Amino acid sequence: MQHEIIESVTRVQAWMVSYLGNLLDIPHENVDVTLAFDQYGLDSAATVAFTSDLGHWLETKLDSRLMVDHNSIQAVSSYVGEAFGTAVPA
Amino acid sequence: MSETRDFDPMELGPEQTDHGAVPVGITVDQGRLRGPQKVHAIAIAILPAIGTVAALWIAFTQGVSTLDLALCAVFYSITMLGISVGFHRQFSHRSFKTTTPIRVALAIAGSMAAQGSVVYWISNHRRHHQYTDKAGDIHSPYMDEEREMGIIEGFWHSHMGWTFDHSMTNALMYAKDLYRDPAIARVNQLYYVWVFGGMIVPAVIGGLATLSWWGAFTAFLWGGMVRMFLCYHFTNGIDSVTHIFGTRPFKSGDHSTNNAVWALPTMGEGWHNNHHTFPSSAVFGLTWWQLDPGAWLLYGLKSVGLVWDIQRPSEKMISDKQKVES
Ligand SMILES: [Zn+2]
Ligand SMILES: [Zn+2]
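Reading guide: rules and limits
- Residues numbered from 1 in each chain as written.
- Chains lettered and ligands numbered in written order.
- Predicted model: local features only at pLDDT ≥ 70, side-chain atom pairs only at ≥ 80, totals over all residues.
- Heavy atoms only, no water.
- Donors = N, O, S within 2.8 Å, 3.2 Å for Na, K, Ca; no water.
- Helix = DSSP H or I, 4+ residues; strand = E, 2+ residues; numbered from the N terminus.
- Patch = residues over 30% accessible without salt bridge, like charges linked within 9 Å, V, L, I, M, F, W, Y side chains within 5 Å.
- Areas by Shrake-Rupley, 256 points an atom, 1.4 Å probe, with all protein chains shown as cover.
- Salt bridge = Lys/Arg side-chain N within 4 Å of Asp/Glu carboxyl O.
- Buried < 20%, exposed > 50% of the residue type's maximum accessible area, 1.4 Å probe, protein only.
- Contact = heavy atoms within 4.5 Å.
- Buried area = accessible area lost by both parts, 1.4 Å probe.
- Polar contact = N/O pair within 3.5 Å; in protein donor to acceptor, adjacent residues only side chain to side chain.
- Axes fitted to C-alpha atoms, helices over the stretch in contact; angles between N-to-C directions.
- Parallel < 35°, antiparallel > 145°, perpendicular 65-115°, else oblique.
- Nonpolar A, V, L, I, M, F, W, Y, C, P; charged D, E, K, R; others polar.
- 1 Å grid on protein atoms, 1.4 Å probe; cavity = no way out; pocket = protein on both sides within 12 Å on 5 of 7 lines; lining within 4 Å.
- Points joined across faces, edges and corners; volume = space filled by probe spheres on them.

(A) Local environment of the coordination of the zinc ion (ligand 1). Residues and elements named next belong to chain B. Ligation of the zinc ion (ligand 1) by protein atoms is provided by His128 (NE2), His243 (NE2), His272 (NE2) and His276 (NE2), these donors lying 2.0 to 2.1 Å from the ion. Summarised as a motif, the one-chain spacing of the donors to the zinc ion (ligand 1) is H-x114-H-x28-H-x3-H. In this pair, His128 sits in helix α4 (residues 118-130) while His272 sits in helix α12 (residues 272-277), placing the two residues 144 residues apart along the sequence.

Dropping the structure here:
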């Protein structure tokens with residue numbers, strides 16, 4: 001994997017960890033990036049809104065099923081990081 | 001009233017600065033979820049109605065058992081108390097405090113109405129309060145997004161029409177507190193278990209009591225279908241009937257009304273002008289003659305120590321808000 005891709009994946013992951021930590025009011029270091037979203041108590045209404053906010057940050061429109069097809073922070077960030085590469089905000 | 005919450009459930013969305021425009025960010029495009037949402041809306045509107053016609057036809061041709069009528073009444077009361085005391089007074093408005101087992105029981109009972117999961121219902125309802133009868137209200141008889149409606153269309157839209165094709169309310173803006181509550185978040189995820197459970201349990205009771213498949217079937221019709229049909233229309237009537245027909249003793253800044261006919265079957269929700277005037281009050285009937293079964297349940301549970309901090313406006317707050325004749 002290219003260096004820039006790895007950096008993009010890391011940035012998406014950090015953004016999602018901070019978002020989920022704030023949403024659930026849990027310390028960011030306690031957010032497990034491998035845990036499935038439904039293990040965090042989220043439903044489709046939550047993942048659709050989460051995806052929409054991630055899309056705003058990336059300045060694009062993401063598929064509403066993104067977090068169903070990629071069911072953890074790790075899965076979403078590696079997919080999004082690779083797809084958007086250097087377009088991921090710093 | 002003292003404060004029982006660390007946030008105001010009615011100010012979670014952006015302030016409405018321009019009354020003609022839907023505030024930005026209160027909905028999210030649900031994309032491919034729009035299909036399942038529409039199927040759910042059509043199913044709850046039509047299937048219990050068909051089941052009710054079948055139940056009445058059987059009743060007129062062959063009679064109806066006391067057991068089936070009792071199952072209907074008992075499951076109706078459980079479901080409507082779940083909606084009024086659980087979904088509405090507890091989860092939407094945080095107007096009293098109670099134990100986690102009771103919160104879970106109320107959330108399950110409300111889910112049995114099949115009016116959407118606890119997060120979906122609460123998100124829509126808090127949004128209704130913030131923008132009541134203005135652009136942004138999801139089920140006003142007067143405004144559909146940014147378009148004003150006449151009375152006939154408005155009644156249809158607020159009663160049922162809105163459910164079929166609306167943009168999804170932003171649940172992370174309106175119901176964060178429910179996701180932070182692990183027990184309720186779990187009940188929310190298991191929504192369809194409660195919906196189907198609410199239909200299966202009366203059928204099992206009817207089957208065991210009569211030791212027949214026919215008994216199970218008629219119990220399913222009365223405890224499941226007729227019960228859901230009644231819950232659906234009495235609850236939806238809080239958005240249509242009690243925003244159009246009735247009296248307005250308070251200047252609540254919207255079209256909400258008090259309607260005595262609607263009060264008893266909705267467990268007290270019919271005092272809707274009272275409610276929009278004092279939204280953080282757990283008590284809707286403000287005088288002795290304003291029947292409010294939901295409040296009776298709360299005071300009953302309070303007497304055995306299971307409910308506390310029941311919010312209620314003082315006499316002074318009530319007289320201050322009384323309508324001044326103009
Ligand atoms: Zn209302
Ligand atoms: Zn309310």
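(B) Quick peek at a nonpolar patch on the surface. A contiguous nonpolar patch, built from Tyr192, Phe196, Ile200, Val204 and Leu208 of chain B and spanning about 530 Å² of accessible area, is present on the exposed surface. Classification of Tyr192 of chain B as partly exposed rests on a relative accessible area of 46%.

(C) Quick peek at the interface of chain A and chain B. Contacts between chain A and chain B engage 21 residues on the former and 18 residues on the latter. In total, about 1500 Å² of surface goes out of reach between chain A and chain B, with carbon and sulfur atoms giving 59% of it. In this structure, Asp63 of chain A and Arg32 of chain B form a salt bridge, with 2.7 Å as the shortest nitrogen-oxygen distance. Seen at the junction of chain A and chain B, the total is eleven residue pairs in polar contact (both at pLDDT 80 or more). Looking at the side of chain A that touches chain B, the elements with two or more residues in it are α1 (3-24) and α2 (44-58) of chain A.

(D) Examining the packing of helix α2 (residues 66-92) of chain B against helix α13 (residues 293-303) of chain B more closely. Residue and element names in this part refer to chain B. Across the interface, α2 lies against α13 with an axial gap of 9 Å and an inter-helix angle of 75°. Taken together, the axes of α2 and α13 are roughly perpendicular relative to one another. Along the contact surface, α2 presents Leu81, Val85 and Arg89, while α13 presents Pro293, Gly294, Ala295, Leu297 and Leu298. Residue classes in the contact of α2 with α13 are distributed as six nonpolar, one polar and one charged.

(E) Inspection of the coordination of the zinc ion (ligand 2) at higher detail. Residues and elements named next belong to chain B. Each protein donor to the zinc ion (ligand 2) is listed here as His88 (NE2), His93 (NE2), His125 (NE2), His129 (NE2) and His275 (NE2); together their distances run 2.0 to 2.1 Å. Along the chain, the residues that donate to the zinc ion (ligand 2) are spaced as H-x4-H-x31-H-x3-H-x145-H. Judged by its relative accessible area of 1%, His88 is buried.

(F) The arrangement of empty space enclosed by the protein in detail. In total, this model carries one cavity of 30 Å³ or more according to the counting rule given. One number sums up the size of the largest cavity: a volume of about 30 Å³. Forming the walls of the largest cavity are Ala45 of chain A together with Tyr120, Ser123, Met168, Thr169 and Ala171 of chain B. If you list the elements that add at least two residues to the lining of the largest cavity, you get α4 and β5 (168-169) of chain B. Of the residues assigned to the lining of the largest cavity, the class counts are four nonpolar, two polar and no charged.

(G) Examining unusual backbone geometry more closely. All names here are of chain B. Positioned with a positive phi, Asp133 is a non-glycine residue whose angle comes to about 60°. Position of Asp133 among the secondary structure elements: in the loop between α4 and β3 (143-144). The exposure class assigned to Asp133 is buried, which follows from its relative accessible area of 9%. With phi around 50°, Leu211 is a residue other than glycine that occupies positive phi space. With respect to the secondary-structure elements, Leu211 resides in the loop between α9 (191-210) and α10 (213-239). Among the residues examined, Leu211 registers a relative accessible area of 75% and is labelled exposed.

(H) Representation of the pattern of salt bridges. Residue and element names in this part refer to chain B. Inspection of every chain in the model, using the stated rule, returns 13 salt bridges over all chains. Of the charged contacts in the structure, one is a salt bridge between Asp165 and Arg34, with a shortest N-O distance of 3.1 Å. Pair noted here: Asp165 is in the loop between α5 (151-164) and β5 and Arg34 is in helix α1 (residues 34-62), with a separation of 131 residues, a long-range link. Judged by its relative accessible area of 27%, Arg34 falls in the partly exposed class. Its salt-bridge partner being Asp292, residue Arg89 comes within 2.9 Å of it at the nearest N-O pair. Of this pair, Arg89 sits in helix α2 while Asp292 sits in the loop between α12 and α13, placing them 203 residues apart in sequence. Relative accessible area serves as the criterion here: at 2%, Asp292 is assigned to the buried category.

Keep in mind that these numbers describe shape and distance, not what the molecule does.
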